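Understanding the architecture of this molecule
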Amino acid sequence: MDTESQSTPLTGRSVIITGAAGGIGRALAVRLAAAGANITVNDLDDAGASAVAREVGGIAVTADCASEDGISALIAGATAAYGGVDSYIANAGVPGIGDVNASDEDWRLALDVNVMAHVRAARLLIPLWLGQGGGRFVVTASAAGLLTMPGAAPYAASKHAAVAFAEWLSMTYRDQGIVVQAICPQAVQTKMLGGMGALADIAERTGTLSPAEVAEIAYQGILDNRFLILPHPDVHRFYVNRATDTDRWLGAMNSMVHEPR
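Read on for an overview of the structure. (Residues numbered from 1 in each chain as written. Predicted model: local features only at pLDDT ≥ 70, side-chain atom pairs only at ≥ 80, totals over all residues. Heavy atoms only, no water.)

This brings us to the overall build of the protein. From N to C terminus, the protein includes ten helices and seven strands. Its C-alpha atoms give the protein a radius of gyration of 18 Å, near enough to 18 Å, the size a compact globule of 261 residues would have. Expressed as lengths along the three principal axes of its C-alpha atoms, the size of the protein is roughly 55 × 40 × 35 Å. Residues classed as buried in the protein amount to 50% of the 261 residues present. Partitioning the intrachain contacts of the protein with sequence separation of at least 6 by distance along the chain shows that 66% fall at a separation of at least 24. A total accessible area of about 11700 Å² is found for the protein, and carbon and sulfur atoms account for 53% of it. A gap of 4 Å separates the mean positions of the 17 positive and 26 negative side-chain charges of the protein. (Helix = DSSP H or I, 4+ residues; strand = E, 2+ residues; numbered from the N terminus. Rg over C-alpha atoms; globule rule 2.2 N^0.38 Å. Buried < 20%, exposed > 50% of the residue type's maximum accessible area, 1.4 Å probe, protein only. Contact = heavy atoms within 4.5 Å. Areas by Shrake-Rupley, 256 points an atom, 1.4 Å probe, with all protein chains shown as cover. Lys, Arg positive; Asp, Glu negative; His and termini not counted. Charge placed at Lys NZ, Arg CZ, Asp CG, Glu CD.)

Structure, rendered in structure tokens:
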């Protein structure tokens, strides 16, 4: 795959991207490969991951990125191909639709994939990066992790936890060369959005971006090391409003949830 004409901070760097057989993950793989990165594509979809790996000139590792064994396999594959892991983009996620009656299984899956996958990856990667003088951990969270998501309690809670864990990592390790970032898009044209029914209508009110648009904004955020990468500018305004007057913000959200359709 052709790379950009001049060197970038990602040139020659080993980057793992989970959930990269399609959507934002695939778009990130394409964009970062164009910037010179060596990509390890991960997904449970073996055919999809292999196709993206061929597209970006990388390798594919089919493994469950929510399990320690799967993450170990990812790190081993990237290390065998590229000599190590410089960046880990924890992009895989599940929707977690449901209210207070969502099942324990729905909660378990959302927490396992959207949160504990990041914890398990950090457990293995942080010691490696401390030994080599640095690394980059990027979480594809969601605007729901800064705000919330009507009708999707497991999703909203797990994405809040994902952002909180990323904040904790940054607070703890940023002075030791480890860059931690959280990408928090709102509505993106992916299969996940298509499966959210009426929730998609709410999310789309601030505009829908393509995966490629999100990947470009994420790439620019990676270049300047900012913690919060917000592809939708309105999310920053909503986040400020939420913090400034939480009760008013919750009241507005309540009205939106129950307004006539």
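For the rest of this paragraph, the subject is the nonpolar core. By size, the foremost hydrophobic cluster in this structure holds 41 residues, and its most contacted members are Tyr88, Leu125, Trp129, Phe137 and Leu169. In contact with Leu125, not counting residues within four places along its chain, are Ile75, Val85, Tyr88 and Phe137. With 29 residues, the next largest nonpolar core counts Leu10, Ala49, Ile183 and Val214 among its residues. (Core = buried A, V, L, I, M, F, W, Y, C linked by side-chain atoms within 4.5 Å.)

Attention now moves to the environment of Leu147. Among the structural elements, Leu147 can be located in the loop between β5 (135-140) and α5 (153-173). Given a relative accessible area of 7%, Leu147 falls into the buried group. Taking the C-alpha atoms as reference points, Leu147 and Glu216, 69 residues apart in sequence, are found 23 Å from one another. Setting aside residues up to four positions removed in sequence, Leu147 forms contacts with His160, Gln186, Val235, Phe238, Tyr239, Arg242 and Trp249.

Turning to the side chain of Asp43, a few remarks are in order. Tracing the sequence through the fold places Asp43 in strand β2 (residues 38-43). At a separation of 3.1 Å, a polar atom in the side chain of Asp43 contacts the main-chain amide nitrogen of Ala21. For Asp43, the contacting residues outside a window of four places in its chain are Gly19, Ala20, Ala21, Ala49, Val61, Thr62 and Ala63. (Polar contact = N/O pair within 3.5 Å; in protein donor to acceptor, adjacent residues only side chain to side chain.)

With that settled, the discussion passes to the packing of helix α1 (residues 23-34) against helix α8 (residues 211-224). For the pair α1 and α8, the least separation of the axes is 8 Å and the interaxial angle reads 55°. Compared by their axis directions, α1 and α8 come out oblique. For the pair α1 and α8, the crossing hand works out as right-handed. Packed against α1, whose contacting residues are Gly23, Ile24, Ala27, Leu28, Arg31 and Leu32, the element α8 presents Pro211, Ala212, Val214, Ala215, Glu216, Ala218, Tyr219 and Ile222 at the interface. The class makeup of the residues in the contact of α1 with α8 is eleven nonpolar, one polar and two charged. (Axes fitted to C-alpha atoms, helices over the stretch in contact; angles between N-to-C directions. Parallel < 35°, antiparallel > 145°, perpendicular 65-115°, else oblique. Left-handed = near helix turned anticlockwise from the far one by under 90°. Nonpolar A, V, L, I, M, F, W, Y, C, P; charged D, E, K, R; others polar.)

The next thing to look at is the pattern of salt bridges. Here the structure, examined in full by the defined rule, presents eight salt bridges. For Asp112, the salt bridge is made with Arg120, and the minimal N-O distance between the two is 2.7 Å. Arg120 shares its class with Asp112; the two are buried. Each of Glu105, Arg108, Asp112 and Arg120 takes part in salt bridges that share partners, so that together they form one network. (Salt bridge = Lys/Arg side-chain N within 4 Å of Asp/Glu carboxyl O.)

Here Asn38 shows up in strand β2. A C-alpha to C-alpha distance of 7.9 Å links Asn38 and Thr11, two positions 27 residues apart in sequence. Setting aside residues no more than four positions away along its own chain, Asn38 makes contact with Gly12, Arg13, Ser14, Val15 and Tyr82.

Where burial is concerned, the two faces of strand β4 (residues 87-90) agree: the one with Ser87 and Ile89 and the one with Tyr88 and Ala90 are both buried. Two elements, strand β1 (residues 14-17) and β4, share three bridges in a ladder whose sense is parallel. Looking at β4, one finds that Ile17 is bridged to Ile89. (Pairing = 2+ DSSP bridges.)

The next point concerns the sheet that holds strand β7 (residues 228-229). Pairing in this open sheet of seven strands is parallel, and the strands run β3-β2-β1-β4-β5-β6-β7 from one edge to the other. With one partner strand each, in any of the chains shown, β3 (59-62) and β7 form the two edges of the open sheet. Pairing between strand β6 (residues 178-183) and β7: two bridges, direction parallel. Paired with Ile183 across the two strands is Ile229, which belongs to β7. Sheet strands touched by α1: β1, β2, β4 and β5. Its angle to β1, the strand with the most contacts, is close to 170°. Here helix α3 (residues 68-82) sits on the sheet in contact with β1, β2, β3 and β4, set at roughly 160° to β3.

Honestly, it's all geometry; don't read function into it.
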